[in-house]
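So the chains spell out like this:
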Amino acid sequence: ISIRYPLVEVATGVAFAIVGWRFAGDIVVVPMLVLTGCLVALCAIDIDHLLLPNRVLYPSAAMVVPLFVLAAGVDDAWSSLGRAALGAVVSFAVFYALWFVAPGAMGFGDVRLVTLLGFAAAYFGWSTLVAALVAPFVFGAIGGIAVAAPVVLAPMAAAAIVGWVTGVSVMTRIAGGVTDTPARARATVAVTFSVLVGSIVYLVLSALGRVERGRHIPFGPYLALGALAAMLVHG
C-alpha cells in the first residue's frame, strides 16, 4: 500500500490524542473528536482533488452539530450553542463575501466548510472564532511561500525565533505591559515577525522573478488546521 495510508492513520491518531488530552473530562470532547476525524478526511480529499465534496461535508455537519447540541444540554451551555449558531452565520457571510469578490481565490466548498468550523469555534467564544477565521490565512501564507519560494522559510523561522525570545519585551513596549499570558505574547510577536519578514523576502524574490507561479494550493487544509489550532488554544 502507499505510504500515505499509514501516514494518514498516524496523523489521525496524533490529532485524536491531542484533542482528547486538551478536552479531557469535558463532554465537548465527543463532537471535537468527530469533527477532527471529518477534517482529516476532507483535507486528504482537498489535497488530492482540490475539492471538498458535499457527500462528505454534509454528513460531517449532520454528525457534529447534533453532538454539540448534546454537549450544550449536558453542560447547560445553551448560550454557547446560540453563539455557535451566530458564529456559523458570521463565518458564512464573511467567506461568502470573499468568494463573491474573488471567486478564483477559493472554492465554494471552503465557504461551506468554514461555516461548520465557525459553528464549532464560536461555541468556545468570540475570540476563538476570530482566531479560527484569521489563522488559516496566516498558515496559508506560510504554505504558499513554502511552495512558491522555499528559501523564504529560513528567514521566517529565524524571525519567529527572535519574536519568541523578545515577545514579552516587545509587547511591553507596545502595550505598556503584557495583558495576556507571556506564552501568548511570545507567540503573537513570533508569528508577526515571521509573517513580516517572510512577506518582505517574498516580495523581493518576486520582483527578481524567482518565485514559482501558477500552482493551485487547496485552502481547505489551512481552514481546518487554523480552526482546530484556535479551538485547542482558546477553547
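First things first, this report covers the structure right here in the doc. Note that the structure is predicted; figures quoted are calculated from it, not measured. (Residues numbered from 1 in each chain as written. Predicted model: local features only at pLDDT ≥ 70, side-chain atom pairs only at ≥ 80, totals over all residues. Heavy atoms only, no water.)

## Concerning the overall build of the chain
Looking only at helices and strands, the chain has nine helices and zero strands in total. Helices (α) and strands (β) of the chain occur, in sequence order from the N terminus, as α-α-α-α-α-α-α-α-α. Expressed as lengths along the three principal axes of its C-alpha atoms, the size of the chain is roughly 55 × 45 × 40 Å. Counted over contacts in the chain with a minimum sequence separation of 6, partners at least 24 positions apart contribute 72%. Total accessible area on the chain stands at roughly 12400 Å², and carbon and sulfur atoms take up 72% of it. Separation between the mean location of the 11 positive side-chain charges and that of the 9 negative ones in the chain comes to 11 Å. (Helix = DSSP H or I, 4+ residues; strand = E, 2+ residues; numbered from the N terminus. Contact = heavy atoms within 4.5 Å. Areas by Shrake-Rupley, 256 points an atom, 1.4 Å probe, with all protein chains shown as cover. Lys, Arg positive; Asp, Glu negative; His and termini not counted. Charge placed at Lys NZ, Arg CZ, Asp CG, Glu CD.)

## Structural notes on the packing of helix α2 (residues 29-49) against helix α3 (residues 54-75)
Two packed helices can be described by the angle between their axes and the distance between those axes. Two elements in contact, α2 and α3, have axes separated by 9 Å at closest approach and are oriented at 165 degrees. Comparing the axis directions of α2 and α3 gives the class roughly antiparallel. In this structure, the crossing between α2 and α3 has a hand that is left-handed. Facing Val30, Pro31, Met32, Val34, Leu35, Cys38, Leu42 and Ile45 of α2, the residues of α3 in contact are Val56, Leu57, Ser60, Met63, Val64, Leu67, Phe68 and Ala71. Residue composition of the contact of α2 with α3, by class: 15 nonpolar, one polar and no charged. (Axes fitted to C-alpha atoms, helices over the stretch in contact; angles between N-to-C directions. Parallel < 35°, antiparallel > 145°, perpendicular 65-115°, else oblique. Left-handed = near helix turned anticlockwise from the far one by under 90°. Nonpolar A, V, L, I, M, F, W, Y, C, P; charged D, E, K, R; others polar.)

## Considering empty space enclosed by the protein
A full pass over the atoms with the stated rule returns one cavity of 30 Å³ or more. Space inside the largest cavity adds up to approximately 30 Å³. Contributing to the lining of the largest cavity are Val114, Leu117, Gly118, Ala132, Leu133, Leu223 and Ala227. Elements supplying a minimum of two residues to the lining of the largest cavity: α5 (108-124), α6 (126-148) and α9 (220-234). Ranked by residue count, the leading element in the lining of the largest cavity is α5, at three residues. Looking at the lining of the largest cavity, its residues break down into six nonpolar, one polar and no charged. (1 Å grid on protein atoms, 1.4 Å probe; cavity = no way out; pocket = protein on both sides within 12 Å on 5 of 7 lines; lining within 4 Å. Points joined across faces, edges and corners; volume = space filled by probe spheres on them.)

## Some remarks on the packing of α2 against α9
It is the contact of α2 with α9, at a shortest axis distance of 8 Å, that shows an interaxial angle of 155 degrees. The orientation of α2 relative to α9 falls into the category roughly antiparallel. Considering only the axes of α2 and α9, their crossing is left-handed. Of the residues in α9, those in contact with Met32, Leu35, Thr36, Leu39, Cys43, Asp46 and Ile47 of α2 are Gly220, Pro221, Ala224, Leu228 and Met231. Considered class by class, the residues forming the contact of α2 with α9 number nine nonpolar, two polar and one charged.

## Brief notes about helix α1 (residues 4-22)
Over its 19 residues, α1 runs 27 Å from end to end, which matches the ideal 27 Å to within 8%, given 1.5 Å per residue. Of the positions making up α1, those classed as buried are Thr12, Ala15 and Val19. Around the axis of α1, the buried residues are gathered within 70 degrees of arc, so they sit on the same side. Opposite the packed face of α1, turned more than 90 degrees from it, sit the exposed residues Leu7, Glu9, Val10 and Trp21. (Expected span 1.5 Å × (residues − 1). Buried < 20%, exposed > 50% of the residue type's maximum accessible area, 1.4 Å probe, protein only. Arc of directions from axis to C-beta.)

## Quick look at the pattern of salt bridges
Inspection of every chain in the model, using the stated rule, returns one salt bridge. Between Arg4 and Asp48 there is a salt bridge, with its nearest N and O atoms 2.2 Å apart. Taken together, the residues Arg4 in helix α1 and Asp48 in helix α2 connect sequence positions 44 residues apart. (Salt bridge = Lys/Arg side-chain N within 4 Å of Asp/Glu carboxyl O.)

## Some points on the side chain of Ser60
Mapped onto the elements of the fold, Ser60 is located in helix α3. Once residues within four sequence positions are removed from consideration, Ser60 is found in contact with Cys38 and Leu42.

## Looking at a nonpolar patch on the surface
On the surface, a cluster of nonpolar side chains totalling about 590 Å² of accessible area is made up of Leu86, Val89, Val90, Val94, Leu98, Trp126 and Phe137. Of all the secondary structure elements, the ones that give two or more residues to the nonpolar patch are α4 (78-101) and α6. Per-element tally for the nonpolar patch: the top contributor is α4, with five residues. By the element assignment, Trp126 lies in helix α6. (Patch = residues over 30% accessible without salt bridge, like charges linked within 9 Å, V, L, I, M, F, W, Y side chains within 5 Å.)

On their own, these measurements won't tell you what the molecule is for.
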